[in-house]
Every structure is written in C-alpha cells, then in structure tokens.
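# Summary of the model geometry
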Amino acid sequence: MDRLEKYIINVLLKNDILTDSTCVEVKEKMDIGLTLGEVLISDNYVTQEVLSLVFLDLYKNKKITLDEIHDNFFIEKSTFLDIFAKKNNMVYIDLNEIDIDYRISERISLAQLRKFKVLPVKEDEINVYIAFDDPFDINAQDRMQQIFNRKLLKIVITDDNQIEKYLAKLELSEKIKGTVADIRKELSNVSGGEIESSSSSGILNLIETIVKQSIISGGSDIHIEPTENNCIVRTRIDGMLAEIFMFDRDIYPPLVSRLKLLSDMDIAEKRKPQDGRFSFEVGDKEYDFRISTLPIMNGESIVLRILDKSKVLISLEKLGMHPENFKRFSHAMKAPYGIILVTGPTGSGKTTTLYAALNDMKNVTTKIITVEDPVEYQLNMIQQVHVNEKAGLTFAGALRSILRQDPDVIMIGEIRDQETLRIAIQSALTGHLVFSTLHTNDAISAIPRMVDMGIESYLISGSITAIEAQRLIRKLCPKCKESIELPESQLEKISNYLPNDYTFFRAVGCEHCSGTGYAGREMISEVLEISDKMQSLIAKNASKDDLKKLAYEEGYVDMFHDGVLRAAKGNTTLEEIYRVAKE
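Residues numbered from 1 in each chain as written. Predicted model: local features only at pLDDT ≥ 70, side-chain atom pairs only at ≥ 80, totals over all residues. Heavy atoms only, no water.

Under the convention used in this document: UniProt positions are given in the numbering used here, feature names are shortened, and annotations may be inferred rather than shown by experiment.
The name that an unreviewed UniProt entry assigns to the protein is General secretion pathway protein GspE, with the source organism given as Campylobacter blaseri. One UniProt comment on the protein, placed under Sequence similarities (unreviewed entry), says "Belongs to the GSP E family."

In structure tokens:
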C-alpha cells in the first residue's frame, strides 16, 4: 500500500466513514490484486461524493491530478469538479455542454489567453464567466479583471484538458480570420447581405479550408451547425465528432447558400430537407461529397459525407478480419447461390466490407449488379442502380428488374422491409449469390429478425449462406500508447479470451493524435456460417440461445472475443472494446 492509499484510509477512519473492521476487509481485498479505488467505490464502502472530499486539498495543492482521481479512484470528473467548485465558492461548467460565446475572447489576444491559460465562456449584465487552468492564480485573475473592468469576475472550474482543447480551436479559427474578413467585405458589397454568385472567392476559400482540414484529420463526415451565437464546424474522426472550426453567426448564411449552389440544391428552400452531391479538388485528388440539409431551430444543419474511392477499392483480406472469420466469409463467397448478410449499426463499415467483397469477385465472366440508396462509390465492371423513391423505383421494384438482366451476383444496399427480403430470398433460391445489409446487434440476431419481418423459417434456412456482424474500434496511437497492468478482477472477466502472451495498453494523447490517444480505426467482426446442423435448427424455429450454443460448438468467434484479442496485442484499449462490443 503506497503513501496516498494510507493517507486516504487514515482520513476515512478519522472521519468515522470506515471502521477498523472494514479497514481489514478493504486491505484483504487489495491483497488479491484489487486497487483501493475499486474496493471503496465498487463494493460501496463510500460514495463518489464522500471520497471526493478526501481529495479537495490534494487537488488544490497539485499533489494529485484530475485524471488520477478519475482513473485510480473511479470518481466521475464532473462529480469531483462540481464539489470542488462549491467548496471554493466558484462555478463548475462542463465546456462541452454549453454554447461558448467566442465573441468575448476577441477582446483579448490569443497570446494572453495562452499565457494565463484562461478561456472566457459567457457573460450577462453583471458577470463575466472565465475558465481558469489554475483557479488560484492571482495574477491571471487580476489581469482578467482589468480587461473586463465593468463586470464582476466569476471564476469557472472545468477540466483543464477542455481549456487546452478550446484554446487550440481558437488558434485554428485565428488562421481563417483573413478569409472571414474577405467574406464580410463581400457581404457588405452585396445588396441584402446574401452572396449568391459563383464568384464569391472568400466563401470558396472557407469551404476549401474546412474540407482540407477534415480530410487531413482523417474525417469521414463534416457537420456544419448554427447555434444561437456561432456557427460550429465538426468532423467525425475515428467515429467520434471533433470540433475543428467556429466562427460568428453572420458567416453561416452565405456558407450554406454556396454549398447548396455547389450541389444543385434550391437555395431559396430552407423549410424542407434536401440532398445533393458535388466534387471538390483537394491537393491533386478529387473527392466526392454527399450533402444533406435538415431544417432546425437556428437554421439548417448541413452534413457532408466525404467519399474517398481509394478506401473501398481494397481487397477483403486487407480489412483485417480475424483469420477464422476471414476463412468462413471467403468460403461463403465461393457458394454458387445464397444470401450473405453483413450486419451492424450505421457507420460500422458495412458498405466498405460489401464493396471489398464485390471488388474481389468482379471479373469478365461474372455479371454483378447493385441496387443502392444512394450509390456512394462508382465501381468499374459493376452495374449500379440508384434507388429513386420519388420516381417509384424502390429496392423491391429495382430488384425485380435486375433479375431480368441475368446477373450472377446481386448486391442490395439495405434490406428495409419484408417485400425486399422476400425477393432477395427468391433470388438466392433461384441460383443467384446475394449480398446485403441488415441492422442487427450481432450475427445470430439476424435470424430471429428475419422471422419477425414475416419470413418463414424454412425459407431462411434454405437461403442464408453466412451472416457477418461488425463494428469499428479506434486504434491506439503508436506514438504515445503506454503499457499497463490490468487489475486481477478485470483479467478474470476476460480470461477465456486471452492468448498466452498479452500486453494491454492505455490511451495517453499527443500532438500526433490531437490528444485523443487514438489514431485510425480497424474492424472487429464475427461470422456465422450456416452449416447443415444450423440449417436444421433454423427450420425448426429454434430459439436464439440454441442457435448460439451450436454456433460456439462449431467454432464461432464472436466480436467481443475478437476485440479482446486485439486489445491483448496492443492494437486498442479494453475500454474501447467494452464501449463498442460490450456483451
């Protein structure tokens, strides 16, 4: 037991929170490999609130960090900071939860904000609220009070990582100040304040900057959202949204108008959702963008999907499936007919897996036709049909026509209803190999899901060849990851999945990974190949538990197992596996 742990136990004893007998129990549990935090919180000896009081002075005197309190003693950061703020007559604000008024920051140079490590958050008629990295820095407080001398200074307590994060965003926004100034100049020269002509160089430069930054960051989607005070630009990196730009609200209307012009939308229509697409050159490479608008309270939410063809023109082998799952999926692809389903939530890489499979199959002797809504990537040697519900071309309607085109392989973008599923099954039973997607949590759940959609069990058993389920997990940044020893209690829970040699790592964060600790993503998956025994069980309408039991007997490797193996190799963290594929 180290000095800190002894100190905590002594404080709890002194304040009659622990007794001598419970202290003995706590120490015994620590002797078998549990940490003090695990024992105190998980076994309900103390609450998070009570344990937080022990750390107030330690945190104030910088003898323990917020991350150490959270990681080692299982206290939520928000719980601790709220108690800390109240005890010191300050205000706790989670900066991620509020709409920061960045106009206040314009009164101070970025150099001074950096020097004093402060961030103005909001103001009212009496107070100005400023977040301090060190809330007890008198010099920083005096300087802020001089700048905002007409208002009372309210000291805001927040996670110091958040202050650094938002200062970095302000720094990024500083770089586009020249572009924003050009846009304002153009706005002042246009009657009505709307830039509608294609000659608006400022707006085009801004769009190029947003797109370029998102692509450099490895983003998959760009979200442009108006708030009451600002226009926020976020990009989805490794499945998580990150804010990359923010600027004043007046830049938002011309930006939206220009994006609508680029994608052939009606710029006057602001009350209905619209969809479109456009191409944009970044560096020496052309990217396609699918754009969607949605009317919201403060204007329209704009989402751009970045479509990079090079990401899907890869072979199935390079997707990084577990060897056993790759073997099963490849074997299913060699079947002369049947349905191969790829399942998982939105954004789990299903489309990439389907395109990779088709990419491996395409050749001069095989006719492949796809029906998609919309066609995201255009592929050579594959006939692609775009579903158009308004024109009456539905998935089911397109499928009927496709069957008259003598295809060998059919890919259906998504099975949404019973009619489409029934035609897909009929296609499989009449000698076609059909690929499609379905929204289920795991591979085995796809079978009862199809029964719920109204399909007879005997048809499902006779037509399904294999079902693959997948998720995307974030990979650890190789530059900053650190090896860790897992508590014995955690190792016990995953002991059945562990290889002989393993090392677990934790996410740290550095410049290379923008402080997240993760860089890039990889797939975890499970493949249920329909054997003769499995066919028989499905035809008998067996329960999901019976199907699962047989699957494991036949060597089924589930997603959680696949994920633990990747964490044990140091590719990702165990926390990430629990987040994405919790059993």
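What follows continues from the structure just given.
## Regarding the sheet that holds strand S13 (residues 383–386)
Formally: Only when DSSP finds a minimum of two bridges between them are two strands counted as paired. Working definition: helices are DSSP H or I runs of at least four residues, strands are E runs of at least two. Numbering for both runs from the N terminus. Note on definitions: angles span 0 to 180 degrees between N-to-C directions of axes, and those axes are lines fitted to C-alpha atoms, for helices only across the stretch in contact. Whether two residues are in contact is decided by their heavy atoms, any of which lying within 4.5 Å being enough.
Reading across from one edge, S13-S12-S14-S15-S11-S16-S19 is the order of the 7 strands in this open sheet, with mixed pairing throughout. Looking at which strands have only one partner, the edges of the open sheet turn out to be S13 and strand S19 (518–529). Put simply, the sheet's adjacent strands are angled 20° from each other on average, direction ignored. Across 10 bridges, strand S16 (residues 464–476) lies against S19 in antiparallel orientation. Bridge assignment links Ala466 to a residue of S19, and that residue is Glu529. Sheet contacts for helix H14 (residues 350–361): strand S11 (338–343), strand S12 (368–372), S13, strand S14 (409–412), strand S15 (433–438), S16 and S19; angle to S15, the most-contacted strand, approximately 170°. Of the strands in this sheet, S12, S13 and S14 touch helix H15 (residues 395–403), which is tilted by about 165° from S12.

## Quick word on the packing of aromatic side chains
The test is simple: Note on ring pairs: Phe, Tyr and Trp rings are taken, using the six-membered ring of Trp, and paired if centres are within 6.5 Å. Classes follow the plane angle, with under 30 degrees stacked, over 60 edge-to-face and the rest tilted. Note on exposure labels: buried denotes an accessible area under 20% of the residue type's maximum, exposed denotes more than 50%, and partly exposed covers the range between, all computed with a 1.4 Å probe on protein chains only.
Applying the stated criterion across every chain, the model contains 11 aromatic pairs. Aromatic pair Tyr497 and Phe560: ring centres 5.4 Å apart, planes at 80°, arrangement edge-to-face. Within this pair, whereas Tyr497 is found in the loop between helix H19 (488–493) and strand S18 (504–506), its partner Phe560 is found in helix H22 (residues 559–568), the two being separated by 63 residues in sequence. Residue Tyr497 is classed as buried on the basis of its relative accessible area, which comes to 17%. Seen in terms of ring centroids, Tyr502 and Phe504 are 5.7 Å apart; in terms of plane orientation they differ by 55°. Their pairing is tilted. Note on Tyr502: relative accessible area 36%, which makes it partly exposed.

## Digging into the sheet that holds strand S8 (residues 274–282)
Within the open sheet, the 6 strands sit side by side as S7-S6-S5-S10-S9-S8. Their pairing is antiparallel. On the outer flanks of this sheet lie strand S7 (240–248) and S8, each paired with one strand and no other. Neighbour-to-neighbour, the strand axes of the sheet open up by a mean angle of 20°, direction not taken into account.

## Describing the UniProt feature "domain: Bacterial type II secretion system protein E" (unreviewed entry) in the protein
Per the UniProt entry, the sites bearing "domain: Bacterial type II secretion system protein E" (unreviewed entry) are residues 403–417 in this numbering. Across residues 403–417, helical content stands at 7% and strand content at 27%; the span's end C-alpha atoms are separated by 18 Å.

## Details of the packing of helix H1 (residues 3–14) against helix H2 (residues 20–31)
Rule in force here: Roughly parallel covers angles under 35 degrees, roughly antiparallel covers those over 145, roughly perpendicular covers 65 to 115, and oblique covers all other angles. In this scheme the handedness of a crossing depends on how the near helix is turned from the far one: anticlockwise by less than a right angle means left-handed, clockwise means right-handed. Under the convention adopted here, Pro, Cys and the residues Ala, Val, Leu, Ile, Met, Phe, Trp and Tyr are nonpolar, Asp, Glu, Lys and Arg are charged, and Gly plus all remaining residues are polar.
The N-to-C vectors of H1 and H2 enclose an angle of 155°; their axes lie 11 Å apart at closest approach. Considered as vectors, H1 and H2 are oriented roughly antiparallel to each other. In the packing of H1 onto H2, the handedness of the crossing is right-handed. For the pair H1 and H2, contact is made by Glu5, Ile9 and Leu13 and by Asp20, Cys23, Lys27 and Met30, respectively. Tallied by class, residues from the contact of H1 with H2 come to 4 nonpolar, no polar and 3 charged.

## Considering unusual backbone geometry
Even without being glycine, Asn89 reaches a positive phi, approximately 60°. As for its placement among the helices and strands, Asn89 is situated in the loop between helix H6 (77–87) and strand S1 (91–92). Its relative accessible area of 74% is what places Asn89 among the exposed residues. Non-glycine residue Asp406 carries a positive phi angle of around 55°. Summarising the element assignment, Asp406 is placed in the loop between H15 and S14.

## What about the domain arrangement of the protein?
Our working rule: Note that domain bounds follow an automatic or database assignment of domains.
Domain assignment breaks the protein into domain 1 (3–88), domain 2 (94–165), domain 3 (199–307) and domain 4 (316–470 + 523–556). The C-alpha-based centres of domain 1 and domain 3 are spaced at 46 Å.

## A closer look at the nonpolar core
Inclusion rule: Put simply, buried Ala, Val, Leu, Ile, Met, Phe, Trp, Tyr and Cys residues joined by side-chain atoms within 4.5 Å make one nonpolar core.
Of all hydrophobic cores here, the largest spans 61 residues; its most connected members are Ile8, Leu40, Leu51, Phe55 and Phe80. In terms of residue count, helix H4 (residues 48–60) provides more of this core than any other element does, 6 residues in total. Looking at which domains feed residues into this core, each of domain 1 (3–88) and domain 2 (94–165) supplies at least three. If near-sequence neighbours (up to four positions away) are discounted, Leu40 is found in contact with Ile8, Leu12, Leu18, Val26, Tyr45, Val46 and Leu51.

## Quick look at the pattern of salt bridges
Note the cut-off: We define a salt bridge as a side-chain nitrogen of Lys or Arg found within 4 Å of a carboxyl oxygen belonging to Asp or Glu.
Counted by the stated rule, this structure contains 25 salt bridges. Of the charged contacts, one joins Glu225 and Arg234 as a salt bridge, the two residues approaching to 3.0 Å between their closest N and O atoms. Shared partners join several salt bridges into a network, and the residues in it are Asp67, Lys77 and Asp159.

## Some words on helix H5 (residues 66–73)
How we decide: Here the arc refers to the directions that run from the helix axis out to each C-beta atom.
By the burial criterion, the buried members of H5 are Leu66, Ile69 and Phe73. Angularly, the buried residues of H5 cover 90° about the axis, an arc narrow enough to put them on a single face. Tucked into the core, H5 has its buried residues touching H1, helix H3 (36–42), H4 and H6. Note on H5: the residue one or two positions beyond its end, Phe74, has a positive phi of about 55°.

## A few points about the side chain of Arg328
Note that Arg328 resides in helix H13 (residues 323–333). By relative accessible area, Arg328 is classed as buried at 9%. In this view, Arg328 contacts Val527, Glu529, Glu554, Gly555 and Tyr556; residues no more than four positions away in its chain are not counted.

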